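Single-letter residue listing:
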Amino acid sequence: MRLKLTFPALLLCILSGAALADEATVKKEVGTHFPGEKIESVKKTPYFGLYEVVVGGEILYTDEKATYFFFGHVVDPQTRQSLTSERLQQIKDARRISIDSLPLDHAIKTVKGNGKRRLAVFSDPNCPYCKRLEKELTKITDVTIYTLLYPILNGSLPTATSIWCSTNRLKAWDDFMLRDIAPTGKNCETPLETLVQVGKKNGINGTPTLIFADGSIIPGMITADTIEKKLSGGAAAK
């Protein structure tokens, strides 16, 4: 879910709500308006008596009775800085996914060097940034990489299926991502639907997305130098 700001000012939506006493009851009430979405957090703000609600990786605001929802940015007029943007960055930096919570048995596993460090990557075979990332990963050693096929782009499912159904999945992956050699695997039973469900559950909405041993998440293509710095503090592979 994406909460899009239509106007520069706050967009006001009138919603019904019962009298609420604390953050827990605000969270429960807000949840009734977003079925199927995870309400990640609710906290009272120091401005206007509003509550900050994080849902689907985005921020909205509501009053203590959940009578109104506000979508948009709260701006400090003195600094002209968006307090909402600052909070979104804080939430992003604090977000964690445990590598061990992922279905690593459904990953394409690459062991480089001693393989002691660990990295999981959600990757779509038709994603150009994923291919650029793969070239950066060739420069990294002493790491175990778990590639989780995440075919969310149009037309990616057949390619991901063919890679998974190949006799040598790792070779088929490397051939396609690094050398543009099409996979030749035929249809077989795959974990792709499970992987997509796991990705969505964990809020993975783009590829590539890297998850490090400390649980930190970096979306998008990053350089080998950045990866190396992140890996330096990681836990050993099992």
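Residues numbered from 1 in each chain as written. Predicted model: local features only at pLDDT ≥ 70, side-chain atom pairs only at ≥ 80, totals over all residues. Heavy atoms only, no water.

Helix and strand content of the protein chain: seven helices and twelve strands. Scored against the burial criterion, the 238 residues of the protein chain give a buried share of 43%. Per element, the accessible surface of the protein chain, about 13,100 Å² overall, is 52% carbon and sulfur. (Helix = DSSP H or I, 4+ residues; strand = E, 2+ residues; numbered from the N terminus. Buried < 20%, exposed > 50% of the residue type's maximum accessible area, 1.4 Å probe, protein only. Areas by Shrake-Rupley, 256 points an atom, 1.4 Å probe, with all protein chains shown as cover.)

Packing of helix α3 (residues 128-137) against helix α5 (residues 169-179) leaves a shortest axis separation of 9 Å and a crossing angle of 105 degrees. Taken together, the axes of α3 and α5 lie roughly perpendicular to each other. Here C130, K131, E134 and K135 of α3 come into contact with α5, specifically with W173, F176, M177 and L178. Residue composition of the contact of α3 with α5, grouped by class: five nonpolar, no polar and three charged. (Axes fitted to C-alpha atoms, helices over the stretch in contact; angles between N-to-C directions. Parallel < 35°, antiparallel > 145°, perpendicular 65-115°, else oblique. Contact = heavy atoms within 4.5 Å. Nonpolar A, V, L, I, M, F, W, Y, C, P; charged D, E, K, R; others polar.)

So, on to the layout of surface pockets. Of the voids in this model, the largest pocket is the one considered here, and its volume is about 1,100 Å³. Lining the largest pocket are 31 residues, with G56, G57, R95, G203 and N205 positioned closest to its centre. Breaking the lining of the largest pocket down by element, the ones donating at least two residues are α2 (83-94), α6 (192-201) and β12 (217-219). Here the element with the most residues in the lining of the largest pocket is α2; it accounts for three residues. Broken down by class, the residue content of the lining of the largest pocket amounts to ten nonpolar, eleven polar and ten charged. (1 Å grid on protein atoms, 1.4 Å probe; cavity = no way out; pocket = protein on both sides within 12 Å on 5 of 7 lines; lining within 4 Å. Points joined across faces, edges and corners; volume = space filled by probe spheres on them.)

This paragraph deals with the pattern of salt bridges. Taken as a whole, this structure holds eight salt bridges when the rule is applied. The residue E52 makes a salt bridge to R87 at a minimum N-O spacing of 2.7 Å. A residue pair is termed long-range when its members are at least 10 positions apart, and E52 in strand β3 (residues 51-55) and R87 in helix α2 qualify at 35 residues. Exposure remark for E52: the relative accessible area of 2% places this residue in the buried category. On the accessibility criterion, R87 (18% relative accessible area) is buried. As a salt-bridge pair, E136 and K139 come within 3.3 Å of each other at their nearest N and O atoms. According to the relative accessible area criterion, E136 is buried, its value standing at 15%. Within the structure, one salt-bridge network assembled from shared partners comprises K171, D175 and R179. (Salt bridge = Lys/Arg side-chain N within 4 Å of Asp/Glu carboxyl O.)

Should pLDDT be low for a region, the predicted coordinates there are not to be read in detail. Model confidence for the protein chain is summarised by a mean pLDDT of 87, while 89% of its residues fall at 70 or above. A low-confidence stretch, residues 1-20 stays under pLDDT 50, and its non-local contacts, those more than four residues away or across chains, total 53 contacts. In this model, residues 234-238 is a region of pLDDT below 50 whose contacts with residues beyond four sequence positions or in other chains number 14 contacts. (pLDDT = per-residue confidence, 0-100.)

Take the pairing of strand β11 (residues 209-212) next. Neither face of β11 is exposed, since T209 and I211 on one face and L210 and F212 on the opposite face are all buried. In terms of strand pairing, strand β9 (residues 117-123) meets β11 through four bridges, oriented antiparallel. By the bridge assignment for β11, L119 is matched with F212. Across three bridges, β11 lies against β12 in antiparallel orientation. Each bridged residue has a counterpart across the sheet, and for I211 the counterpart in β12 is I217. A loop of four residues connects β11 with β12, the two strands running antiparallel in sequence, and G215 in this loop sits at a positive phi of about 90 degrees. (Pairing = 2+ DSSP bridges.)

Attention now moves to the nonpolar core. Within soluble globular proteins, side chains that are nonpolar tend to cluster in buried spots. Core analysis: the largest hydrophobic core is formed by 28 residues, its most contacted members being L102, F122, L149 and I211. Of all elements in the fold, only β9, β10 (143-149), α4 (156-164), α5 and α6 reach the threshold of two or more residues within this core. Setting aside residues up to four positions removed in sequence, F122 forms contacts with L102, L148, Y150, L195, V198, G199, I204, T207, P208, T209 and I211. In this structure, V143, I145, A224 and I227 belong to the second largest nonpolar core, which totals 14 residues. (Core = buried A, V, L, I, M, F, W, Y, C linked by side-chain atoms within 4.5 Å.)

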